[in-house]
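Report on the structure
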Amino acid sequence: SQSASCSFSFLQRSQQLKRSAWLAPAPCRLSSGLPVNIGVLFVPQQEAWVVERMGKFHRILEPGLNFLIPLLDWIRYVQSLKEIVINVPEQSAVTLDNVTLQIDGVLYLRVMDPYKASYGVEDPEYAVTQLAQTTMRSELGKLSLDRVFRERESLNANIVDAINQASDYWGIRCLRYEIKDIHVPPRVKESMQMQVEAERRKRAMVLESEGTRESAINVAEGQKQAQILASEAEKAEQINKAAGREANAVLVKARAKAEAIQLLAAALAQQHGSAAASLSVAEQYVNAFSKLAKDSNTLLLPANTGDVTNMVAQALGIYTTLTKPQAVKTQDEVAPGHESSQPSPTEVLKAEEASSS
């Protein structure tokens, strides 16, 4: 009897559970509640009501006034056509260089087809959220840690494309996906901070070295230009000196020497000029001989230093040899009947030798 009562109570409970499940309200899709069919219904803007007649899909009510048959037509799903924001929970993902990140995001989606959103998937929000998480993990696994921060936009675009490919059968379209926060492990953060500081020090050193290099180049260029200008100025000064004072001095010396030669030639052409030249040569010889012992310790003396007459004779012989072509030319130019009464150099030499002896 106890077993029969237990079986009866079990059957009664199962029937109650079935009856409660049959009378339970339909699940609400992206809405707070289901309206009751009273025959005349007013559908709000940007909402779609899915109606079933005797358990089968009947139609979708559009915004405005709608009429339904009570007890036969049931409003099973209410879909909102507005843009929906869903927070994607934080999750861990491993990058290409084996760094574990904690990342979360925000998903923006919209129901495009109320029928697919009602009958294509049991829980659209949960399905899209799970799809976004798995897609985000797979996309992060393709990138290194540095590229995750640089390519945030491309990462968001890839996640949106992957979600739209799968959610097309659910009547839902993902408009955009944004990564909110990326949490890096403390040790990795410290290493990244050290890397940033090292990079900044490197840039500072590079900039300082480039500044030093530019400064050295500028100093060298300045010194080079200064040397070039100084050499050009010195060259111009030398040219001016050569063209000015020194040239004039050379010209004055040349003119003075030419005048002295002319005066000497005129003096030699006069009577007893050769004797005066001999006397001058003798005096110069005696003066030079007297200075030999004063100027240097090394002396070059002729063999007959005491024979002044011979020395004078040699000097006059050289002078005669040099002046002989001049005398010949002069005699050729003079007319035959106008011979000079001046004695010849040979006679003058003989007379001088006789007088000196």
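For every chain, the first residue of the written sequence is number 1, and numbering continues from 1 along that sequence. Confidence filtering applies because this is a predicted model: local features only for residues at pLDDT of at least 70, side-chain atom pairs given and counted only at 80 or more, and all residues used for totals across whole chains, interfaces and linings. Think of the side-chain values as coming from all heavy atoms in the structure, minus any hydrogens and water.

Note the threshold: UniProt positions are given in the numbering used here, feature names are shortened, and annotations may be inferred rather than shown by experiment.
An unreviewed UniProt entry lists the protein chain under the name Stomatin-like protein 2, mitochondrial, with Himantopus himantopus given as the organism. In UniProt, the protein chain has this text filed under Sequence similarities (unreviewed entry): "Belongs to the band 7/mec-2 family."

**Digging into the packing of helix α3 (residues 124–140) against helix α5 (residues 152–167)**
For clarity, the cut-off: Here the axes come from fitting lines to C-alpha atoms, over the contacting stretch only for helices, and the angles between their N-to-C directions go from 0 to 180 degrees. For the purposes of this entry, the term helix denotes a DSSP run of H or I that reaches at least four residues, the term strand denotes a run of E that reaches at least two, and both are numbered from the N terminus. Comment on the angle field: the value is read as roughly parallel under 35 degrees, roughly antiparallel over 145, roughly perpendicular from 65 to 115, and oblique elsewhere. Left-handed describes a crossing whose near helix is turned anticlockwise from the far helix by less than a right angle; the clockwise case is right-handed. Whether two residues are in contact is decided by their heavy atoms: any pair within 4.5 Å suffices. For this scheme, ten residues count as nonpolar: Ala, Val, Leu, Ile, Met, Phe, Trp, Tyr, Cys and Pro. Four count as charged, namely Asp, Glu, Lys and Arg, and the remainder, Gly too, count as polar.
For the pair α3 and α5, the least separation of the axes is 9 Å and the interaxial angle reads 135 degrees. On the basis of their axis angle, the class for α3 and α5 is oblique. Crossing handedness for the pair α3 and α5: right-handed. For the pair α3 and α5, contact is made by Val128, Leu131, Ala132, Thr135, Met136, Glu139 and Leu140 and by Leu155, Asn158, Ile159, Ala162, Ile163 and Ala166, respectively. In the contact of α3 with α5, the residues fall into 10 nonpolar, 2 polar and 1 charged.

**Here we look at the confidence of the model for the protein chain**
The predicted coordinates of low-pLDDT regions are not to be read in fine detail. Definition in use: How sure the predictor is of each residue is captured by pLDDT, a score from 0 to 100.
For the protein chain, per-residue confidence averages 75 on the pLDDT scale, and residues scoring 70 or more make up 68% of the total. Low confidence marks residues 1–12, where pLDDT is under 50. Its contacts with residues over four positions away, or in another chain, come to 0 contacts. In this model residues 333–342 is a low-confidence stretch, pLDDT under 50, and it forms 3 contacts with partners more than four residues away in sequence or in other chains.

**Notes on the sheet that holds strand β6 (residues 83–94)**
Stated formally: In short, DSSP must find at least two bridges between two strands for them to pair.
Taken together, 3 strands build an open sheet; the order of strands is β6-β7-β8 and the sheet is antiparallel. The open sheet has two free edges, formed respectively by β6 and β8 (172–183), since each of these has just one partner strand. On average, each strand axis in the sheet is tilted by 20 degrees relative to the strand beside it, whichever way the strands run. The sheet contact formed by β6 and strand β7 (residues 100–111) spans 10 bridges and is antiparallel. Looking at β7, one finds that Ser92 is bridged to Gln102. Helix-sheet contacts for α3 involve β6, β7 and β8, and the interaxial angle to β6 is about 40 degrees. Together, β7 and β8 form the strand contacts of α5, whose direction differs from that of β8 by roughly 140 degrees.

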